[in-house]
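# Understanding the architecture of this molecule
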Amino acid sequence: MRFVEIYILKINISVINTHGVQMPKHIVSGLKYLTAVELIRDGLSQKEVAKILEMDRSTVSHYLNGRNLSWNSIEVAEIITKFCPRDFLTLTYALLDNSEKTRIIVKTCSKKEFQANIEESCIGCGLCADTCLMNAIVLDDLKAHIDSNWCNGCLMCRDVCPTNSIKILEVENGC
Amino acid sequence: MELKVDQELCLGCGNCVVSCPVNASISPEAYGGHGPKTEDVIMMVENGVVKLFNEDKCKRCGTCPLFCPTDAIYLE
Amino acid sequence: MVANTKEVKENDICVQRISPEEKRELNFKDDICIGCGICEKICPVEAIDLGDIGAIERNEIDESKISVDEEKCVLCGMCSSACPVDALELKLDDKSIKEMDEYPQLIKSAEIDDETCIYCKACETACPREAITIARILPDRSKLVTGEIEIDKDTCINCGVCEEMCPADAIEMEHHLPTSSDPTISSDINVNKDKCVYCLICKKSCPVDAIKAVCRSCSYGEYDLKPEDSEIEGSSFIDDDACVNCGWCEEICPVDAAKVEKSYAGELDVDLEKCNACGACIDICPCNVLSFPESTKPGEIVEKLKKDENFCIYCGACENVCPVEAIDVKRTDVKFTPTKSKSWKKQLESLKT
C-alpha cells in the first residue's frame, strides 16, 4: 500500500459511481478474468494460468466459461486497464497488495508498449529500482537497466530520478 | 550558528578585537594590537565592553573565543 | 515513495533506505572526518553541507562537521567513494561499496615494510594523526657485552660510591637506616649482571679496591659477540581509520621502509598579504602542513604562516576554514580505480579545480 491512497479515492468517484458499488475483490476477479483470457490466448494451459494467478484450476475454467463472475466486474476491470499506466498499476497494486501478481496482471493486460532508455548521466543510486512496482529495473556497473518488456510506462522511475537520466517513450504500434 | 557576546562577562580587554582575522582584514591596524579605526569591523570595545557591529561578517573560525579570558564571546 | 530515514548518534550520522529489494545505508563517522568538504562538492543532489569546521575543530561548538539532508540524499555513494579518509561509507545490504569492484575507489595507501623497518619509531613520533604504532623488543644488554666482575665483600666498606657512579644502575645495595648498633648504610652489595656493561667505573672509583672487573669486549675485540644477539625485533601497525596518507612517515623514515600513495595531487597557495595569522588552518590541517614560523633570533620578523607542501593531501580543509580567503587549494589530479560509469568518472574528475 505504498503509493495508492489518492488513486483509490479518485477511482472510487469516477468508475464505481457509474457502475454501482463494487467490492475490491470483485474488481480483482475481473482483472484476473481479463488476465486469464489473455494468457489462454497466448497459448498457456488452464493449469499454468491457475498457477500464475494462484487460483483453483476449476475457478479458471469457470471464469473462461463466463460463470461465477458478474459481467459488471469485468466491465470495471476493463475500464481500469485503460487508465493511464500509472493509475492502472498503482490501483492494481492497491487492490491485490501483492507485487508478483500485480506485475503479471499489468503486463498481460497492458496494450501499450514502451521503450525505456537510461542515459550516461545515471549515477546508479537505485532509487528507480526501489520505486518500480514492475521490478523492471536492475543495477549493473553503477547504471540502471530497464527491461522494456516489463515497463508499463508509469514513469514513477523518471519522477524520482535525481539526475533526470530516464527517458521512456511509448512505442507506436499502429493501433 | 551565530557569534554572540555576554556583556556581563566581558572585561573589555579587546583580545577578541585584535585576534579576529576578519577585523584585521577590514582594519589592518587591528592586526598587531591596535584598536580598529572603523565600525565596519565585526566587534569593537565600546565603553569598556565588547560590542558586535557586524556579526554577519563572522566566518565562525573560532579564533576570538580561543583568546577570550572569560568566555564572554562565543558561537551558538 | 520509498523514504529515507536518518539517525544521528552523538555526531555520527546514519541515513538508510530500505526497500524489499535492497537496504542502502550511508554512515558518517565524525571523529574520522577532517572537514575537507569533498563530499559536499561531489554530492550530485546537494544533500551534504559542510559545517563551521573552524569552530568545531577548536571545540567552540559541539556538532557534526557535516550535515546530510535525508530528503535530498539518494544514497548513491559518491561521497563515500571520494572521501579521502573514509569517514563516509555506503553499504548495500550491509556490504561496503569500498569492497565492490564496480565502484571506483580512491587509490591511496600507507605501508611500512617490516623487513626493512629498523623500528626507530621516527614515523610514530612524526605522524600527525598518531596512526602509527611501532612495537619493538630490544636485545638483551648482557648479550652485547662480556666481562667479569666481582666484589670482595670483606674488603667493601659499603660506602655507596660505586652505586652512585655506576652509569648502568647495575650495583644494588641493600640499604637500611643507620642505627646506633649498626651505623652503616647498607648490609649487602651485589652486581646485576644483566645490567652491567663492564665499563670499570666502579673498579676505578672504589676507595678500598674491593672490586675486581675486566671487560672482554675491549681487550679481545668483538669476536665473541653474536650479531644476531644485537638484532631489534618488532612490528609496525598503521591505523587505517586515523591515517590520512600525508607522507610524513615516508619522508622521515631513514631506511625507506614507509611508502605512501596519495589520491589527490595539486597545489597549495597561501596569500601572506591576506593572511592574518588566526591559525584556523593550522588547527584543521590533518597533515601538519601548516605552522607558525618561529623566530631564530631576537627581534626577527617572521612570515605569518609556513607551509610544508610535501605533506599536503590537497583536501582543501584549510581553504574552507580560512575566514579571509587567503588559502587556495588547487587539485590537479584525482587517482581512482577504473569504472564503467561515465557519470561517476565525470563527477570524480570534477573535483579537479
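Anything mentioned here points back to the structure above.
So, how was this worked out
Residues numbered from 1 in each chain as written. Chains lettered and ligands numbered in written order. Predicted model: local features only at pLDDT ≥ 70, side-chain atom pairs only at ≥ 80, totals over all residues. Heavy atoms only, no water. Buried < 20%, exposed > 50% of the residue type's maximum accessible area, 1.4 Å probe, protein only. Helix = DSSP H or I, 4+ residues; strand = E, 2+ residues; numbered from the N terminus. Arc of directions from axis to C-beta. Contact = heavy atoms within 4.5 Å. Buried area = accessible area lost by both parts, 1.4 Å probe. Salt bridge = Lys/Arg side-chain N within 4 Å of Asp/Glu carboxyl O. Polar contact = N/O pair within 3.5 Å; in protein donor to acceptor, adjacent residues only side chain to side chain. Nonpolar A, V, L, I, M, F, W, Y, C, P; charged D, E, K, R; others polar.

### Here's the deal with helix α5 (residues 71-81) of chain A
- Of the residues making up α5(A), those classed as buried are A:Ser73, A:Ile74, A:Val76, A:Ala77, A:Ile80 and A:Thr81. Along the axis of α5(A), the buried positions cluster into a sector of 160°, meaning they face one direction only.

### Brief notes about the environment of A:His145
All names here are of chain A.
- Note on placement: His145 falls in strand β3 (residues 143-146).
- On a C-alpha basis, the gap between His145 and Ala129 in space is 8.9 Å, while along the polypeptide they are 16 residues apart.
- Here His145 is in contact with Ile118, Ala136, Ile137, Val138 and Asp140, once residues within four sequence places are set aside.

### What to know about the interface of chain B and chain C
- In this complex, chain B contributes 14 residues to the contact, which on the side of chain C involves 18 residues.
- Regarding the contact of chain B and chain C, the summed buried area is about 1300 Å², with carbon and sulfur atoms giving 57% of it.
- When residues of chain B are sorted by the area they lose upon contact with chain C, B:Met1, B:Tyr31 and B:Cys61 head the list and together hold 36% of the total.
- There are one salt bridge connecting chain B and chain C.
- Of the charged contacts, one joins B:Arg60 and C:Asp52 as a salt bridge, the two residues approaching to 2.7 Å between their closest N and O atoms.
- Across the chain B-chain C interface, the total number found is six residue pairs in polar contact (both at pLDDT 80 or more).
- Taken together, the elements giving at least two residues each to the side of chain B that touches chain C come down to α2 (21-26) and α3 (63-67) of chain B.
- Examining the composition of the side of chain B that touches chain C, we find that four residues originate from one element, α2(B), more than from any other.
- For the side of chain B that touches chain C, the class distribution of residues is nine nonpolar, three polar and two charged.

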